[in-house]
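# Remarks on the overall topology
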Amino acid sequence: MKILVLNCGSSSLKYQLVDMATETAMAKGLVERIGIEGSQLVHEKDGMDKVKIGAEIPNHTVAVQMAIDALTHAEHGVIADVKEIGAAGHRVVHGGENFADAALITDEVKAAIKECASLAPLHNPANLIGIEVCEKLLGVPQVAVFDTAFHQTMPEHSFLYGLPYELYDKYKVRRYGFHGTSHKYVSDRAAAILGKPIGELKLISCHLGNGASVCAIKYGKSVDTSMGLTPLEGLIMGTRTGDMDPAAVTYIMEKEGLSPTAMEDLMNKKSGVAGVSGLSSDFRDLEDGKANGHKGATLALQMYAYRVAKYIGAYTAAMNGVDAIIFTAGVGENGADTRKDVSEYLGYLGVAIDDEKNGKRGKELDVSTPDAKVRVLVIPTNEELIIARETIGLV
Ligand code: ADP
């Protein structure tokens with residue numbers, strides 16, 4: 001079966017067509033700036049140069065149609081007819097407390113996704129549009145795979161905030177966590193690499209991309225994670241603050257005369273390593289900056305690694321031990337310097353990195369020294385493959 005995997009953002013759409021016979025991506029692409037001037041589709045087929053198609057893309061309906069057109073195109077397409085697509089799998093950001101697993105799309109599931117929209121106002125409505133557009137254009141079974149689902153195993157003492165309990169009862173204010181699909185995938189891969197059942201392992205997974213989160217995975221289950229009610233909490237990210245004193249929020253709002261929306265914008269889009277460095281949210285730019293003596297970049301990288309290390313320490317305590325630490329996503333997979341900087345805090349745990357192994361790229365690696373007590377693994381994430389697997393499992 002061929003499965004179309006879709007990840008609809010507020011103004012973007014990522015797609016991938018996965019051939020489940022070989023579990024490989026036949027083609028993939030990205031539609032950017034939906035509803036904004038300068039929108040385009042970038043399509044990639046194995047062995048061919050990227051195809052860029054600039055067009056007016058006013059909404060997600062047009063974007064999904066363009067993706068399907070690219071997949072069925074005579075030259076850069078990979079299927080002759082849309083009927084070859086057997087099912088669609090969607091990344092849905094927030095499943096609230098309703099979903100501990102992926103779900104076959106029904107009217108009830110769509111209503112539940114809508115209900116969670118207030119918790120993820122930028123994402124869930126876009127995810128839902130993607131589902132509804134596919135319903136019309138493809139007419140095949142569809143599955144929703146939730147970013148939050150893997151973390152539904154967190155115990156109450158770890159997911160609750162120190163707020164009056166009635167606010168949880170009334171509004172479901174609690175930690176949900178995100179990147180669950182990625183944390184699950186890399187933890188399963190870690191167990192395979194270590195040659196041990198996941199049910200016997202204590203793992204800490206660091207998903208370090210533009211958004212970033214750490215997850216404590218005890219015996220295969222998420223027991224804590226750094227993102228919270230929304231993806232703003234936890235690590236310092238590309239443009240997000242991560243943890244800070246909540247009183248700083250009201251203080252800055254008062255001092256700067258900011259509305260809640262403007263403050264949210266500041267914390268989500270103007271902060272993080274971009275805000276601290278004043279240079280960029282991209283780690284390649286920051287590393288270049290550091291090499292050239294840029295103070296802001298140097299400080300931002302230092303703060304970033306320090307925060308990741310603190311979370312690893314905290315989650316080691318949460319699980320009373322750790323067998324392996326996993327690095328994944330853009331920075332985790334490629335940022336050898338960041339891995340090294342984080343590991344340097346963790347010598348007391350028995351972490352030791354082999355610089356030569358750590359310098360390698362592009363595949364699953366154990367970068368620890370042979371006698372290290374805690375393994376450090378680099379595992380490229382593959383959220384699309386997990387979504388495709390969950391989809392075929394349910395259809
Ligand atoms: P997302 O899916 O959250 O948008 P990714 O997982 O693709 O993000 O990660 C994107 C980030 O990865 C970029 O912002 C960049 O900082 C980082 N990155 C990519 N390549 C490298 C590299 N070679 N060295 C260091 N960081 C890198």
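Computed from a prediction, not measured in an experiment: that's the story for all the values here. For every chain, the first residue of its written sequence is number 1, and the numbers climb from 1 along that sequence. Under the rules for a predicted model, residues below a pLDDT of 70 receive no local features and side-chain atom pairs below 80 are neither given nor counted, while totals for whole chains, interfaces and linings still include all residues. Note that the side-chain values use all heavy atoms of the structure and ignore hydrogens as well as water.

Only heavy atoms are used to decide nearness, and a residue is near a molecule or strand if one of them lies within 4 Å of it. Gly-209, Asn-210, Gly-211, Asp-282, Phe-283, Arg-284, Ala-329, Gly-330, Val-331, Asn-334 and Arg-361 make up every residue found near the ligand. In this structure, Arg-284 approaches the ligand through a side-chain N or O atom, which is 3.5 Å from a nitrogen atom. N or O atoms closer than or at 3.5 Å make up a polar contact, with two conditions inside protein: a donor-capable atom paired with an acceptor-capable one, and, for residues adjacent in sequence, both atoms drawn from side chains. At 3.5 Å from a nitrogen atom of the ligand is found a side-chain nitrogen or oxygen belonging to Asn-334. Method for areas: the Shrake-Rupley scheme with a 1.4 Å probe, in which residue coverage is limited to the protein chains shown. In the complex, 73% of the free accessible area of the ligand, which totals 580 Å², lies under the protein chains. For helices the rule is a DSSP run of H or I covering at least 4 residues; for strands it is a run of E covering at least 2, with both sets numbered from the N terminus onward. Mapped by element, the contributors of at least two residues to the shell around the ligand are helix 10 (283-291) and helix 12 (329-334). Charged means Asp, Glu, Lys or Arg here, nonpolar means Ala, Val, Leu, Ile, Met, Phe, Trp, Tyr, Cys or Pro, and polar covers whatever is left, Gly included. The residue makeup of the shell around the ligand, split by class, is three nonpolar, five polar and three charged.

This part is about the nonpolar core. To qualify as a nonpolar core, a set must consist of buried Ala, Val, Leu, Ile, Met, Phe, Trp, Tyr and Cys residues joined through side-chain atoms within 4.5 Å. The rule is simple: take the accessible area with a 1.4 Å probe, protein chains only, and divide by the maximum for that residue type; under 20% is buried, over 50% is exposed, in between is partly exposed. The biggest cluster of nonpolar side chains holds 42 residues, and the ones touching the most others in it are Cys-206, Leu-208, Ile-312 and Ile-325. Ranked by the residues each element gives to this core, the list is headed by helix 11 (residues 295-319), at eleven residues. Contacts: residue pairs with any heavy atoms within 4.5 Å of one another. Residues contacting Leu-208, with those up to four places away along its chain left out, are Leu-235, Tyr-304, Val-308, Phe-327, Thr-328, Ala-329, Gly-330, Val-331, Gly-332 and Thr-338.

It is worth spelling out the sheet that holds strand 12 (residues 324-328) at this point. In this analysis, strands are considered paired if DSSP registers two or more bridges between them. Taken together, the six strands give an open sheet; going across it, the order is 11-10-9-12-14-13, and neighbouring strands pair in mixed fashion. One side of each edge strand has no neighbouring strand; the edge strands of this open sheet are strand 11 (221-225) and strand 13 (365-366). In terms of strand pairing, strand 9 (residues 202-208) meets strand 12 through five bridges, oriented parallel. Across the sheet, His-207 pairs through a bridge with Thr-328, a residue of strand 12. Relative to the sheet, helix 11 contacts strand 9, strand 10 (212-218), strand 11 and strand 12, its axis offset from that of strand 9 by approximately 155°. Helix axes use the C-alpha atoms of the stretch in contact, all axes being lines fitted to C-alpha atoms, and the angles between their N-to-C directions lie in the range 0 to 180 degrees.

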